[in-house]
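Okay, here's what each chain looks like letter by letter:
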Amino acid sequence: MRVIIWADMEGTAGISVWEQVLFDRNRYQESRLFMTEEVNAAVRGAKKAGADEIIVVDSHGAGQEYSFRSLVFDKLEPGAEYVSGTKWLRYTEPLIAGCDAAICTGAHAMSGTPDGTLCHTVTTKWLNALINDRRAGEIAITAGVCGHFDCPVVFVSGDDATCREAKDFLGEEVTTVAVKKGINRFSCRSLTLTDACRKIEDGVASALKNPGKVKPYKPASPTTFAVEYISPECATEYAARPGVELVNERKTESKADSFYEAWDQFWTPA
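Residues numbered from 1 in each chain as written. Predicted model: local features only at pLDDT ≥ 70, side-chain atom pairs only at ≥ 80, totals over all residues. Heavy atoms only, no water.

**Let's talk about the overall build of the protein chain**
Stage number 1. For the protein chain, the count of helices and strands is 7 helices and 12 strands.
Stage number 2. Taking 18 Å as the expected radius of gyration for a compact globule of 270 residues, we find that the protein chain reaches 17 Å, a close match to that expectation.
Stage number 3. With respect to the principal axes defined by its C-alpha atoms, the protein chain has extents near 50 × 40 × 30 Å.
Stage number 4. With 270 residues in all, the protein chain has 56% of them scored as buried.
Stage number 5. In the protein chain, the proportion of contacts linking residues at least 24 apart, taken out of those at least 6 apart, comes to 70%.
Stage number 6. The averaged location of the 38 negative side-chain charges in the protein chain is 3 Å from the averaged location of its 30 positive side-chain charges. (Helix = DSSP H or I, 4+ residues; strand = E, 2+ residues; numbered from the N terminus. Rg over C-alpha atoms; globule rule 2.2 N^0.38 Å. Buried < 20%, exposed > 50% of the residue type's maximum accessible area, 1.4 Å probe, protein only. Contact = heavy atoms within 4.5 Å. Lys, Arg positive; Asp, Glu negative; His and termini not counted. Charge placed at Lys NZ, Arg CZ, Asp CG, Glu CD.)

**Section: the side chain of H120**
Stage number 1. As for its placement among the helices and strands, H120 is situated in the loop between β4 (101–105) and β5 (126–131).
Stage number 2. On the basis of relative accessible area, H120 is assigned to the buried category, the value being 8%.
Stage number 3. Within the structure, H120 has its side chain in polar contact with the backbone oxygen of L118 (distance 2.9 Å).
Stage number 4. Each residue touching H120, except ones within four places of it in the same chain, is listed here: E10, W18, H108, A109, M110, S111, E138 and R185. (Polar contact = N/O pair within 3.5 Å; in protein donor to acceptor, adjacent residues only side chain to side chain.)

**A word on the environment of G98**
Stage number 1. Along the chain, G98 turns up in the loop between α2 (93–97) and β4.
Stage number 2. Counting along the chain gives 25 residues from G98 to F73, while the straight-line C-alpha distance between them is 26 Å.

**Description of the sheet that holds β5**
Stage number 1. Taken together, the 5 strands give an open sheet; going across it, the order is β6-β5-β10-β12-β11, and neighbouring strands pair in antiparallel fashion. Both outer strands of the open sheet, β6 (134–136) and β11 (244–248), are each paired with one neighbouring strand and no more. When strand polarity is set aside, the average angle formed by the axes of neighbouring strands in this sheet is 30°.
Stage number 2. Sitting on the sheet, helix α7 (residues 259–266) is in contact with β5, β10 (223–229), β11 and β12 (251–256), with an inclination near 135° to β12. (Pairing = 2+ DSSP bridges. Axes fitted to C-alpha atoms, helices over the stretch in contact; angles between N-to-C directions.)

**Side note on empty space enclosed by the protein**
Stage number 1. Summed over the entire model, instances satisfying the criterion amount to 1 cavity of 30 Å³ or more.
Stage number 2. Considered as a void within the structure, the largest cavity measures approximately 120 Å³ in volume.
Stage number 3. Elements with a contribution of two residues or more to the lining of the largest cavity: β1 (2–7), β4 and α3 (138–148).
Stage number 4. Element by element, the count of residues in the lining of the largest cavity is highest for α3, at 3 residues.
Stage number 5. Across the lining of the largest cavity, the residue classes tally to 6 nonpolar, 4 polar and 2 charged. (1 Å grid on protein atoms, 1.4 Å probe; cavity = no way out; pocket = protein on both sides within 12 Å on 5 of 7 lines; lining within 4 Å. Points joined across faces, edges and corners; volume = space filled by probe spheres on them. Nonpolar A, V, L, I, M, F, W, Y, C, P; charged D, E, K, R; others polar.)

**Focus on helix α6 (residues 232–239)**
Stage number 1. Of the residues making up α6, those classed as buried are C234, A235 and Y238. Buried residues of α6, seen end-on, are gathered within an arc of 95° and therefore sit on one face of the element. Exposed residues on α6 whose side chains face more than 90 degrees from its buried face are E233 and T236.
Stage number 2. Those residues of α6 that are buried are in contact with β5, β10, β11, β12 and α7. (Arc of directions from axis to C-beta.)

**What about the pairing of β12?**
Stage number 1. Most of β12 sits inside the fold, with 5 of its 6 residues counted as buried.
Stage number 2. Pairing analysis gives 4 bridges linking β11 to β12, with the strands arranged antiparallel. Opposite L246, over in β12, you have T252 as the bridge partner.
Stage number 3. Between the end of β11 and the start of β12, which pair antiparallel, lie 2 residues.

**Let's talk about the packing of aromatic side chains**
Stage number 1. Summed over the entire model, instances satisfying the criterion amount to 18 aromatic pairs.
Stage number 2. Between the aromatic rings of F225 and F266, the centroid separation amounts to 5.2 Å while the plane-to-plane angle is 65°, which identifies the pairing as edge-to-face. One end of the pair, F225, is in strand β10; the other, F266, is in helix α7, with 41 residues separating them in the sequence. One exposure class covers both F225 and F266, and it is buried.
Stage number 3. Look at W263 and F266: their rings are 6.1 Å apart centre to centre, the planes differ by 40°, and that puts the pair in the tilted class. (Phe/Tyr/Trp six-rings, centres within 6.5 Å; stacked < 30°, edge-to-face > 60°.)

**Some thoughts on the sheet that holds β1**
Stage number 1. With mixed pairing, 7 strands are arranged side by side in an open sheet as β3-β2-β1-β4-β7-β8-β9. Edge strands, defined here as strands with exactly one partner in the open sheet, are β3 (81–83) and β9 (187–190). In this sheet, adjacent strand axes meet at a mean angle of 25° when their direction is disregarded.
Stage number 2. Here β1 pairs with strand β2 (residues 53–58) via 6 bridges, running parallel. Bridged to W6 within β2 is V57.
Stage number 3. Of the strands in this sheet, β1, β4 and β7 (153–159) touch α3, which is tilted by about 165° from β7.

Structure representation (structure tokens):
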């Protein structure tokens, strides 16, 4: 069984402010350890379930030289391979080869979620992302990329709002673990890291016992991926890409036969 783990930071236990997740802030180094421990718990759960190949992709854009390089290498759980430095959702080699299941740790809710701790979608320059006119966050985008390769997202951890969003898009069969409850965007009520890791390990092991119960997420075709931005210059930047249309001064659309194609022409590898 081949498993891919997408590891983010904002949804990790004990994290509630930007100062904890950005590379140049005082508390970032501490948060790297928190993120690493939750990833280790997911790897242990996958091994417990019998996974014989586990690929972990660092998916946190902390900024500068730390973007997608937040995991603390000498603290990582053995028995998995770890990918660092690739642009978000651009490392698809394991998916192309065929993955049985995907796991999301440290995930967060989409932008505008009232009880979503550190909620945002990809970047704070985006107001909303929409898949076929439905507001969507990073969970749906990740699941859509995985779903294109027939890989279901079977487990998500984060705050309560994140877990609710995961079930809304992926169905009640997806296993979720809430490691904290968002009070508002910058405060939360959190489990300890020890308790969060125990629940993640158990949850991943349980989810991987029958990964086929969760169906791959495949938005209806043809598919439109649209983004509404905070300012016109953001829209202009993306509208310059082939296949992306400027709808109005603050919105772009990418249309294609499938979600992955629409996303691929929008989210260039640059």
